[in-house]
Structures are given as structure tokens and as C-alpha cells.
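This is what each chain is made of:
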Amino acid sequence: LVSHNYPGFPDGINGKRLLEQLRCQLGNYGGHVIPGEIVDLRIEDGLFVADCCSPEGDLTVLRAHTVLLATGVADAGMPVERWEEAVAAGAVRLCPVCDGFDVIDKRIAVATSEVNPVGHALFMRSFSADVLLFERADESAVNADEKRQLEAANVRHIASPLAGVTLTDDLRPVLHTRDGEDYECDVFYPMLGESARSSLAKALGAETVECDKLLVDDHCRTSVPGLFAIGDVTRGLNQIAVATGQAAIAATTIHNTLPWALRPRA
């Protein structure tokens, strides 16, 4: 599975491959990635102090004048067998805006969401003439006006709630409804929402908005001095290209706020 939504790669690029190239580029300029997870972030004596747990379980303490968070979001999904395999194969997708191009003219299944339950199904209708919208709760989330919108757009509304989702041998999602019917599709969008991975910043008092996303200013600064955030963990459009642009803005601001390190004269 590749992304066609990042500039400079006309044939698309796999996410892991993109990360490999970014690490290589970082290495060319003397930087490196420390594997591990930041499990705690605090402020001591005017510095940020981070506890980094390595894959082997060893703990390293890091100190810095500034911190830039790019911790992303956790997508909320409904039970689908072989979830990771389904996502890797593109049978289950999480962002219509990111990869609508990849599902042009395919048979698309969408589950209702709590907010704007028909919005994603109507959006996908511009990529395919074959879109089905499934209810995921006993009580329908679709009101009369929204049903008229679905009818006008020729989106098929399946009123019986979803009972489960399985995969065929060739990784096609099959949606099972409580009335005993089965619907095989090419791709399924669960559309159950997301939650920002902002707990480190929230523990420091950073201001958050909907979905626990961090509120940042035009320079990607959070409400905590010295703490920056970019990408999906912040309010805005969840796109790799957007995060890259935010990284440039944040890095420039950080560079200009750090103590000067003057180059020695020859």
C-alpha cells in the first residue's frame, strides 16, 4: 500500500519507505533517530525532561530547552478481523481525503459517524458511483433530511445495523448486518473518529480542543512556553504534507529562540 498524497513521488510511496528516506536525509546532516517511546515529559529547573524507554526496556533521561511533539492520533475502529492486514492491504481505510484517488470506481462501504453521519458517504460519492452507508447502532443516526441527501446522491442506505466485518480470502471486506444479510465490498471506511495522542502535553497544562487535539498558534507553539506541536496531534487537516510544512515553521521558530551557537573563526 502506497500513499499518492505526498509531493515528489508521482507513483506514490510506501509509508515505511518514506520514513527510511527521511532518516537517511537526517543522517546526512549529522542527526539520528533514537528508537524508543517517551513515557513521561516534565519541566525541571527551566528545562524539559523526558523519560525515553527503549525497545529493550531501558530508560534514558533526555533534557532540552524546547520540545516538538509529532505524536499523531489514535484512530477509533470497529471490530474487523485481521485488522492490521486489512489496513495494510487497503481493504480498510481511515481517511477519505487522503486516499480517495485510490478507490475511484470501487464498491465503497462507509459506516455512520456520530458527527455528520452521512458526510463521508456523500464525499466518497464523488469518487465512486457505488457507495453504501451502514448504520452501526440500533437507533439510526440518519435523520429525514439526511436520508433525502443520500437518495439524491444515489447512496444506498443500509438500515439494519452492522453485526460484524470479515474478510474474504482475497482481502475484500464483507459487512454483515443484523438482519442476516451480507455485503461484499472493495473497501470499508469505519469512520468512528480519532483521539489525539496529546497526553504528554496535557500533563504539562497545554490547551486542547476537540478530540484532545492541541491548540497551537501560527508558529506551532502550544500554550506551554517552549512546547511545540505539529501534524495530526494539532487541530487542522490530517495530511503528511501539512505536517511537513508545520515542521518547517516550528523548526525555524525553535532555531531562532535557542541560544546562539556561533561558529569558531578559522
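Rules and cut-offs
- Residues numbered from 1 in each chain as written.
- Predicted model: local features only at pLDDT ≥ 70, side-chain atom pairs only at ≥ 80, totals over all residues.
- Heavy atoms only, no water.
- Helix = DSSP H or I, 4+ residues; strand = E, 2+ residues; numbered from the N terminus.
- Contact = heavy atoms within 4.5 Å.
- Expected span 1.5 Å × (residues − 1).
- Buried < 20%, exposed > 50% of the residue type's maximum accessible area, 1.4 Å probe, protein only.
- Arc of directions from axis to C-beta.
- Pairing = 2+ DSSP bridges.
- Axes fitted to C-alpha atoms, helices over the stretch in contact; angles between N-to-C directions.
- Salt bridge = Lys/Arg side-chain N within 4 Å of Asp/Glu carboxyl O.

**Student:** Residues and numbers for the environment of Val118, please.
**Tutor:** Tracing the backbone shows Val118 in the loop between β6 (108-111) and α4 (119-124). It is 34 Å that separates the C-alpha atoms of Val118 and Arg221, two residues lying 103 residues apart in sequence. In this structure Val118 touches Leu133, Val142, Glu146, Gln149 and Leu150, once residues within four positions along its chain are discounted.

**Student:** Quick rundown of helix α7 (residues 240-257)? Include the residues and the values.
**Tutor:** If you check α7, its first and last C-alpha atoms are 26 Å apart, about what 18 residues at 1.5 Å a residue would give, namely 26 Å. Those residues of α7 not exposed but buried are Ala243, Gln246, Ala250, Thr253 and Ile254. In an axial view of α7, the angular spread of the buried residues amounts to 100 degrees, which keeps them on one side of the axis. Every exposed residue of α7 that faces more than 90 degrees away from the buried side is listed here: His255 and Asn256. If you follow the buried residues of α7, they end up packed against β4 (67-69) and β14 (227-229).

**Student:** Got a sec to walk through the sheet that holds strand β3 (residues 59-64)? Specific residues and values, please.
**Tutor:** In space, the three strands of this open sheet follow the order β1-β2-β3, with antiparallel pairing throughout. The open sheet has two edge strands, β1 (37-44) and β3, and neither has a second partner. The average angle at which neighbouring strand axes cross in this sheet is 20 degrees, direction not considered. Pairing between β1 and strand β2 (residues 47-53): seven bridges, direction antiparallel. Note on β2: the bridge partner recorded for Leu41 is Ala50.

**Student:** Residues and numbers for the side chain of Gln246, please.
**Tutor:** Following the sequence through the fold, Gln246 ends up in helix α7. Look past the residues within four positions of Gln246 in its chain and what remains in contact with it is Cys220, Ile230, Gly231 and Thr234.

**Student:** Help me get a handle on the pattern of salt bridges, residues and values and all.
**Tutor:** Counted by the stated rule, this structure contains 14 salt bridges. Linking Arg17 and Glu20 is a salt bridge whose minimum nitrogen-to-oxygen distance equals 3.3 Å. A residue pair is termed a helical-turn pair when its members lie 3 or 4 positions apart in one helix, as Arg17 and Glu20 do in helix α1 (residues 15-28) at three residues. Of the residues examined, Arg17 reaches a relative accessible area of 43% and is grouped as partly exposed. For Glu20, a relative accessible area of 43% corresponds to the partly exposed category. Residue Asp186 pairs with Arg172 through a salt bridge whose shortest N-O separation is 2.0 Å. Here Asp186, found in the loop between β11 (182-184) and β12 (187-189), pairs with Arg172, found in the loop between β9 (162-167) and β10 (173-177); they are 14 residues apart in sequence, far enough to count as distant. The exposure class assigned to Arg172 is partly exposed, which follows from its relative accessible area of 31%. One salt-bridge network, in which partners are shared between bridges, spans Asp40, Arg42, Glu44 and Asp51.

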